[in-house]
Amino acid sequence: MKQRSVALLAVLVLVLAACGGGGAGDTTVTADTGATTTAAPVTTAEAATTTAASADVNLLVWADEARTPVVEEVAAAFTEATGVTVTVETKEFGDIRDQMVTAGPAGEGADIFIGAHDWVGELAANGVAEPIDLGAKSGEFEQVAIDAFTYQGSLYAVPYATEAIAFYYNTDLVPEAPATFEELAGICAGLDGIENCVGVPGGGDAPDAYHNYPFVSALGGYIFGYDPASGYDTTDVGLDSEGAIAGITFLEEQIAAGVIGSTNYDTAKALFLDGLQPFWMTGPWEVGNLEGQTEINWAVAKIPTIGGNAPAPFVGAQGFFLSAFSENMVVAQSFLLDYIATAETQQALYDADPRNPAYTSVLEGLADNPVAATFAASAADGNPMPNVPEMGAVWTPLGEQIQLVRNGELAATEAMTAAATAVRGAVGS
Amino acid sequence: MTTGEGREPTLPSPRQRLNLGGALVRFGAVALIDALLALALPALISQRSWTLVALVALVALMVNGAYLHPRAQAARWLTPGLIFMLLFVVWPVVYTSYVSLTNYRTGNVQSKDQVIAQFERQSLQSTEGAVALALEVYRDAGGNLAFLVTDPDGEVSFGVPRLRSEAPSTAPLQTPEELGATDTDGDGIPDQIGDFARIPPLQRFGIANQLENLLLDIPGVGVAEVQTTSSARLVAGGRRYTYDAETDTLFDAQNNVTCPAAGGNFVCDGRPIDPGWVSFVGFDNYQNIFTNRELQGPFFKVFVWNLVFAALSVLLTFTVGLALANAFQDDRLRGKAMYRSLLILPYAIPGFISIIIWRGLLNDQIGPVNDLLNSFGISNVPWLLNPFWAKVSLLLVNTWLGFPYMFLICSGALQAVPAELKEAARVDGAGAARVFRTITLPLLLVGTAPLLIGSFGFNFNNFVLPFLLTNGGPPVPGAAVPVGETDLLITFTFDLAISSGRGNQFALGSAVVIIIFFMVAAISAFSFRYTRRLEEVYGNV
Amino acid sequence: MSSRAEALTTSRTAEAVANRMPFARWFRELGWRHLVGLVGLLFALYPVVWIVSAAFNSVQSLVSARLIPRSLTTENFTSLFGSATTPFARWIGNSYKVALTAAVLNVLLAALAAYAFSRMRFRGRRMGLLALLLVQVFPQFLGFIALFLLAQQIGEVFPQAGLGTHLFLIMVYLGGAIGFNAFLIKGFMDTIPASLDESARVDGAGPFQIFWSVVFPLARPVLAVIFIITFTNLFAEYILASTLITSTSNYTMPVGLQLFVASDYSAKWGNLAAAALIGAAPIVATFLIAQKHIIGGLTTGAVKG
């Protein structure tokens, strides 16, 4: 996401602490630790009848609040069938990465944890996440979700959701959403008593590269060059490419025309909820808030086209990771493949928190839900956020330079050139 | 300084009555602390956390020395506080210094042993990737396990697996048919193959940890490694990487290259591979900071603003606080108590909430402050958006947050200025302003100097205010390193540590932190020396 | 003259009437003080008035917030306490527990150290005092890598004081302010006449008895102030708590609020304001009760013989 908010501090602590604890005993599963071999008489399984697991086989799962109840239910079923104890701990979503990076090497992390796809590069570089082989099951998921979690040729998580931003509009003010951005200027000019026309986060006092990415991508701009076979090429920075500059120049024109104001996330949200702003570009996580209010009537559409092109929003994906430090790899993988990567669990995850499902059959079941279908369509048009660790060097400069454009302090060309230079400088070093 | 007259620590006099009881309590307490520390040692030693072992030993030494040594008088009073300072302030400084000499960053967070173990766990991959296999597990009367794997084409292999650490077997496998397979329940999976009986899938969880370390060599095809209790994958061979401790190299059998260890990573064909480990790099990070031109410009700019911010914060809060305190220095004034109670309100509200409230109040579009200005005919002020106004906002909010503290301090210190002195000056014909300037203010400054220096130190490293109010913004246009107009060194460092290069640069951030620490400490030490000279001139208030 | 005086008596404040001072003199001696006070109040209270208004305004969001609410409600308070996912009452309790314990111990330990610095002469005394202050300049949260590690290691041996526990947070807070507080208390103790110690010693009191029954009670004003300042700071402390406390149920109020309310501040404006009032209440109450003490306590020379 745009920035790593407050949890940043924790990151610093956590990652470093991991190193400090480095001297701690090896908790990694090494190849030679299997003391009991084929030659040793195995009595546990023989003695066992219905439940076969020995006491020391147990799993720890870290999930965020919204998913904990579902995971707990699945875990109970797993325990009943296999005798393996599964403990589910609730964590702040954003804290999970940092705590895995620390606690994992120290042997205190979870076996399975929930996370976002743009963590993959960092987790893999740190050796914290273990590749997962979905085998034939990979075909049951949306391709964009699988791509999102694939890093250097390996899949790193069992996905459950994808998400991308779209275009909310206030149906009291505008009965129908425009299909093209070019129509917006006329619509905005014709509305009285509004504070702002299109609310896009990332102006005002808070940078937000994420919400402005559709303007980067609309006319062919990109962040890092991508090749399906070899992944992202971080030496190819596309922020000052012709397409990116053209896209941000278009954004600049919309600002000058009064279509897009210098709103930050909060302002855009507050203005939309108060009926003072007809359009709001943001993600499905606000659906709950909108459904919970009665002030305005609203609907959601795809982001209008720019110069005839559909702007690609960033697609984020969430999934279940496997820890490289798990001492119960086989059990953990059984849990992931046989209990998480199933239609029932994926449906339950959707029901608990209606995010755009990554599981194709669950997604297909939503065809008659216009909001869900629109967000799904928007995600289908999107680009996965690059999952390379180098993205850490992109968010701040890109968000800040666009923020300056949004506030009318800097021209598009200069902003994008500066952003590209900053990224090249940081990635090259 | 007027203090209690200098006095040597006295040895306990024979007249002291509570000596015995006091000694008992003391010995008991020391024994208890020793016991607790001794309890901690084995665990710490087994964790090989030597720094903490040293800290524990130091604490034990301090406690025992202070309370058992007969001549250690002052130490008895200082030790309890010192222990906490040592553990929670001094040690963090030392540890941060240590981190700044390493390569801690994304990609280098594990120990070398852990990294090697991770590499050695990886298997050789065939070019087209692993093939998914169905897995069945069998066991004979002697407890030996056997695997039956089926590939997507229905090709079946059966055999006794080996341990991962053992050499690959090249012996040809026998088919289930050759061994005699029976499928009593008719589900298409043999229930008995030769001497081996099938373990039902759910019962395999009890031996899951054994399965993990077993491989089935299928001569001429590859190696099957267990994935779940009912699936395996076919890979090209056993270990991909082998570590050789003697030469400190990693051999990559897949690409047939030897990768020497250098700078915290194994380097294959000149390219460091992930993951790496934490290693000691000396002063590289410091050198980087002092020689990196892109960093120097912003660093200097931020440093100057940081000094201005800290100095102005102290000056503004002190001036406002003093002005108010001075105004209320008259016993005839009605409503003093009410004024005071209301004026400390900004101090009473938890700071981080006030900052967020201010952020809302100062919002250029929907903020009440601009609404108020509009009603006076003043157009919107870009409070948090424009470089100048963002700085003004930061100082404004900081003044609001900090003046009540200064107000309280000045109220107290003003009362302490001896009335006779002022009276004497007045008799000499000095006006009120002159009395204030020549008598009150110097005495006040001497009395409050340590607090002002403390306030400067705090504001120099004020993280929460810029973090929550402006997040360092607005950004400096076109900067090669992300930097904001209201960034302080500490928020700048923070961004640097998390958003430069790939992922996080904690060691680099730590180096900046240490540099900041020494700068502030130097400024403070200088100020203390200066105020001591003031004290000598004016005496202690 | 008389007409002017008459006009004044009707329009001026109570003192002027009572003292029958001419306005010019009244203004020179007292009036300007009120003027300064009023300007100060305007500055101090502007956000506070907004907070109070928003806390009782039935409109939650910042956009439609008005200084004079159209309708009043206590919903902003009840919704803070009513939510199962945000146990606000529990967080407040945690904050009290941590801040009170840490502040009390902090004052005690600092007073002990201050006594040594004030009453004893030992090698390295001046250097020690300076070192105490300089070390304190290091912002503790920057060392949280080390703190985190320490918490993990302590947790291995004493889980009750490990990572995420209040006990560990309290210990960290103890280390954080002792140096500075000791310095302030020492300054005050220096002003307590040593002759008092001497007479106690003649009566046969040991050093600890002198401290406990002579110096400590006399230093009460400064101790009270330092207690209140420390308590106020710790009650609102956010950064260390947010890194060292990891579970929702153990959060202190600032951490909980920041995560669940402040991250969405303009939409939850009312909740935020209500929380600000709740957070401020104990400190305001303490100030009102102990005002005299506090002002006196900051006066380092107040009891100077």
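Residues numbered from 1 in each chain as written. Chains lettered and ligands numbered in written order. Predicted model: local features only at pLDDT ≥ 70, side-chain atom pairs only at ≥ 80, totals over all residues. Heavy atoms only, no water.

Considering the overall build of chain B
Then, number 1: On a plain count of helices and strands, chain B comes out with 18 helices and 17 strands.
Then, number 2: At 36 Å, chain B has a C-alpha radius of gyration far larger than the 24 Å of a compact globule built from 541 residues.
Then, number 3: Counting only C-alpha atoms and orienting by the principal axes, one finds that chain B spans roughly 120 × 80 × 50 Å.
Then, number 4: Expressed as a percentage of the 541 residues in chain B, the buried residues total 54%.
Then, number 5: The contacts of chain B with a sequence gap of at least 6 include a subset with a gap of at least 24, amounting to 61%.
Then, number 6: For chain B, the exposed area adds up to about 22,800 Å²; of that, 62% sits on carbon and sulfur atoms.
Then, number 7: Between the mean site of the 35 positive side-chain charges and the mean site of the 42 negative ones, chain B shows a separation of 22 Å. (Helix = DSSP H or I, 4+ residues; strand = E, 2+ residues; numbered from the N terminus. Rg over C-alpha atoms; globule rule 2.2 N^0.38 Å. Buried < 20%, exposed > 50% of the residue type's maximum accessible area, 1.4 Å probe, protein only. Contact = heavy atoms within 4.5 Å. Areas by Shrake-Rupley, 256 points an atom, 1.4 Å probe, with all protein chains shown as cover. Lys, Arg positive; Asp, Glu negative; His and termini not counted. Charge placed at Lys NZ, Arg CZ, Asp CG, Glu CD.)

A word on the packing of aromatic side chains
Then, number 1: Enumeration according to the criterion identifies 66 aromatic pairs over all chains in this entry.
Then, number 2: Summarising the aromatic geometry, the rings of Phe 335 of chain A and Tyr 339 of chain A are spaced 6.4 Å apart at their centres and angled 10° between planes, so their arrangement reads as stacked. Pair noted here: Phe 335 of chain A and Tyr 339 of chain A are both in helix 12 (residues 329–340), with a separation of four residues, about one helical turn. Just as Phe 335 of chain A is buried, Tyr 339 of chain A falls in that class too.
Then, number 3: Here the aromatic cluster, defined as three or more aromatic residues joined through ring pairs, consists of Tyr 168, Tyr 265, Phe 272, Trp 280, Trp 298 and Phe 375 of chain A.
Then, number 4: Here the basic side chain of Lys 391 of chain B rests over the ring of Trp 305 of chain B, its NZ or CZ set 5.3 Å away from the ring centre. (Phe/Tyr/Trp six-rings, centres within 6.5 Å; stacked < 30°, edge-to-face > 60°. Lys NZ or Arg CZ within 6 Å of the ring centre and 35° of its normal.)

Focus on the domain arrangement of chain A
Residue and element names in this part refer to chain A.
Then, number 1: Under the domain assignment used here, chain A contains domain 1 (21–27 + 51–163 + 316–384) and domain 2 (166–312 + 394–428).
Then, number 2: Centre-to-centre, using C-alpha coordinates, domain 1 lies 30 Å away from domain 2.
Then, number 3: Residue-level contacts link ten residues of domain 1 with 17 residues of domain 2.
Then, number 4: Interface area, domain 1 with domain 2, both sides summed: about 1,200 Å², of which 65% is carbon and sulfur.
Then, number 5: For the domain 1 face of the interface with domain 2, the top three residues by lost area are Glu 163, Phe 375 and Asp 381, together amounting to 42%.
Then, number 6: Where domain 1 meets domain 2, there are one salt bridge.
Then, number 7: Between Lys 302 and Asp 381 there is a salt bridge; the shortest N-O distance is 2.8 Å.
Then, number 8: Along the contact surface separating domain 1 from domain 2 lie two residue pairs in polar contact (both at pLDDT 80 or more).
Then, number 9: Contributions of two or more residues to the side of domain 1 that touches domain 2 are made by helix 15 (370–381) and strand 15 (383–384).
Then, number 10: The element best represented in the side of domain 1 that touches domain 2 is helix 15, accounting for six residues.
Then, number 11: Here the side of domain 1 that touches domain 2 is composed, by residue class, of four nonpolar, four polar and two charged. (Domains from an automatic or database assignment. Buried area = accessible area lost by both parts, 1.4 Å probe. Salt bridge = Lys/Arg side-chain N within 4 Å of Asp/Glu carboxyl O. Polar contact = N/O pair within 3.5 Å; in protein donor to acceptor, adjacent residues only side chain to side chain. Nonpolar A, V, L, I, M, F, W, Y, C, P; charged D, E, K, R; others polar.)

Remarks on the interface of chain C and chain B
Then, number 1: Facing the 113 residues of chain C at the interface are 106 residues of chain B.
Then, number 2: Each partner contributes to the roughly 10,000 Å² buried at the junction of chain C and chain B, and carbon and sulfur atoms together form 76% of this total.
Then, number 3: Where chain C touches chain B, the interface holds zero salt bridges.
Then, number 4: Here the element with the most residues in the side of chain C that touches chain B is helix 3 (residues 23–56) of chain C; it accounts for 18 residues.
Then, number 5: Tallied by class, the residues present in the side of chain C that touches chain B amount to 77 nonpolar, 22 polar and 14 charged.

Structural notes on the state of the cysteines
Residues and elements named next belong to chain A.
Then, number 1: Tallied over the entire structure, the rule returns two disulfides over all chains.
Then, number 2: In this model Cys 188 forms its disulfide with Cys 197; the gap between the sulfur atoms is 1.9 Å. Measuring the twist about the S-S bond at about -80°, one finds the Cys 188-Cys 197 disulfide to be left-handed.
Then, number 3: Cys 188 gets classed as buried once you look at its relative accessible area, which sits at 10%.
Then, number 4: Among the residues examined, Cys 197 registers a relative accessible area of 2% and is labelled buried. (Disulfide = S-S within 2.5 Å.)

Quick look at the pattern of salt bridges
Then, number 1: Applying the stated criterion across every chain yields a total of 24 salt bridges over all chains.
Then, number 2: A salt bridge links Asp 353 of chain A to Arg 67 of chain A, with the shortest nitrogen-to-oxygen separation between them at 3.1 Å. With Asp 353 of chain A in the loop between helix 13 (343–352) and strand 14 (356–357) and Arg 67 of chain A in the loop between strand 1 (58–63) and helix 3 (68–82), the pair connects residues that are 286 residues apart, well separated along the chain.
Then, number 3: Among the residues examined, Arg 67 of chain A registers a relative accessible area of 2% and is labelled buried.
Then, number 4: For Asp 190 of chain C, the salt bridge goes to Lys 186 of chain C, with nearest N and O atoms at 2.7 Å. Here Asp 190 of chain C and its partner Lys 186 of chain C are both found in helix 8 (residues 166–190), four residues apart, which amounts to about one turn of the helix. In terms of burial, Asp 190 of chain C and Lys 186 of chain C fall into one category: buried.
Then, number 5: Taken together, the shared-partner salt bridges connect Asp 64, Arg 67, Glu 163, Asp 353 and Arg 355 of chain A into one network.

Remarks on the pairing of strand 9 (residues 214–218) of chain B
All names here are of chain B.
Then, number 1: Of all five residues making up strand 9, five are buried, and the element is well covered by its neighbours.
Then, number 2: The two faces of strand 9 match: Leu 214, Leu 216 and Ile 218 on one face and Leu 215 and Asp 217 on the other face are all buried.
Then, number 3: Inspection of the sheet shows strand 9 paired to strand 10 (residues 222–228) by four bridges, in the antiparallel sense. What sits directly across from Leu 215, in strand 10, is Glu 225. (Pairing = 2+ DSSP bridges.)

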